[in-house]
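Okay, here's what each chain looks like letter by letter:
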Amino acid sequence: MTIRVLVADDHAAVRTGIVLILGGHDDIEVVGEAADGEQAVAMATALRPDVVLMDVRMPKLDGISATRELSGIADVLILTTFDVDEYVFGALRAGAAGFLLKNTDADALVEAVRVVARGDGLISPSVTRRLISEFRSSVPRRGPREVESLTPREREVLACIGRGLSNAEIARELDMAEATTKTHVSRLLNKLGLRSRVQAAILAQELAEEP
């Protein structure tokens, strides 16, 4: 399956570089380029790409606000120069599936696109530790009723997410198709009112720690 990607960055040279990197791989197709956040939202809504590579600082509409508007439309992978907590936490609260810095090498960027397209989350290693610390204190706790609304299989999937397993790994462990795993992940996020896999992972860890 070809991964359809929209590249959103206000610097033309950066967009060109990203397109060249992604264009060298047969399983990835760049379907559009956006120069600002408003254009990114409009193009993603029209083109329905699998992944949007989104810069944070853009005119008209910043990348975090654009990510929030694209919830349910496309998976967003933030790609930015700025390793700033405000951007990291803001992007993931908005529902971004991943966060990478622009100093990421070409091979790692391509693999990140593939990971996000598979329905998995990905965070730059340099921000992981403080991200987990921040989200432990900021992700709203879900009450017993919300958690009890999950089916037994959805609870198993949630526990696997909390252990950091990818969709493919969950599928193998629970002996089901990867597409079925993705469906369970989407449903449990909706039932729990969570925007991202990262939030689900932290909730799962907290539930596992309860006596």
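Residues numbered from 1 in each chain as written. Predicted model: local features only at pLDDT ≥ 70, side-chain atom pairs only at ≥ 80, totals over all residues. Heavy atoms only, no water.

Novice: Is there a simple way to think about helix 5 (residues 106-117) in this case?
Specialist: Each α-helix winds once per 3.6 residues, and so residues spaced three or four apart point in a common direction. Its 12 residues give helix 5 an end-to-end C-alpha distance of 17 Å, which sits within 8% of 16 Å, the value for a rise of 1.5 Å per residue. Buried within helix 5 are the following residues: Leu109, Val110, Ala112, Val113, Val115, Val116 and Ala117. Its side-chain oxygen at 3.3 Å from the backbone nitrogen of Asp107, Asp105 defines the N-terminal cap of helix 5. Remark: Gly119 follows helix 5 within two positions and exhibits a positive phi of approximately 95°. (Helix = DSSP H or I, 4+ residues; strand = E, 2+ residues; numbered from the N terminus. Expected span 1.5 Å × (residues − 1). Buried < 20%, exposed > 50% of the residue type's maximum accessible area, 1.4 Å probe, protein only. Polar contact = N/O pair within 3.5 Å; in protein donor to acceptor, adjacent residues only side chain to side chain.)

Novice: Can you help me understand the sheet that holds strand 5 (residues 98-101) in this one?
Specialist: Backbone-to-backbone hydrogen bonds pair the strands of a sheet. The strands run either parallel or antiparallel. Strand order across the open sheet formed by 6 strands is 2-1-3-4-5-6, with parallel pairing between neighbours. Only two strands of the sheet have a single partner each, and these edge strands are strand 2 (28-34) and strand 6 (122-123). The sheet contact formed by strand 1 (residues 3-8) and strand 2 spans 6 bridges and is parallel. Looking at strand 2, one finds that Arg4 is bridged to Glu29. Seen against the sheet, helix 1 (residues 12-23) touches strand 1, strand 2, strand 3 (51-54) and strand 4 (75-80) and runs at an angle of roughly 170° to strand 2. (Pairing = 2+ DSSP bridges. Contact = heavy atoms within 4.5 Å. Axes fitted to C-alpha atoms, helices over the stretch in contact; angles between N-to-C directions.)

Novice: Please explain the packing of helix 8 (residues 152-162) against helix 10 (residues 178-192) as it appears in this structure.
Specialist: Two quantities define a packed helix pair, namely the angle between the axes and the distance from one axis to the other. With their axes 10 Å apart at the nearest point, helix 8 and helix 10 run at an angle of 95° to one another. Relative to helix 10, helix 8 is oriented roughly perpendicular. On the side of helix 8, the interface is formed by Arg153, Glu154, Val157, Leu158 and Ile161, while helix 10 contributes His184, Val185, Arg187, Leu188, Lys191 and Leu192. Tallied by class, the residues present in the contact of helix 8 with helix 10 amount to 6 nonpolar, 1 polar and 4 charged. (Parallel < 35°, antiparallel > 145°, perpendicular 65-115°, else oblique. Nonpolar A, V, L, I, M, F, W, Y, C, P; charged D, E, K, R; others polar.)

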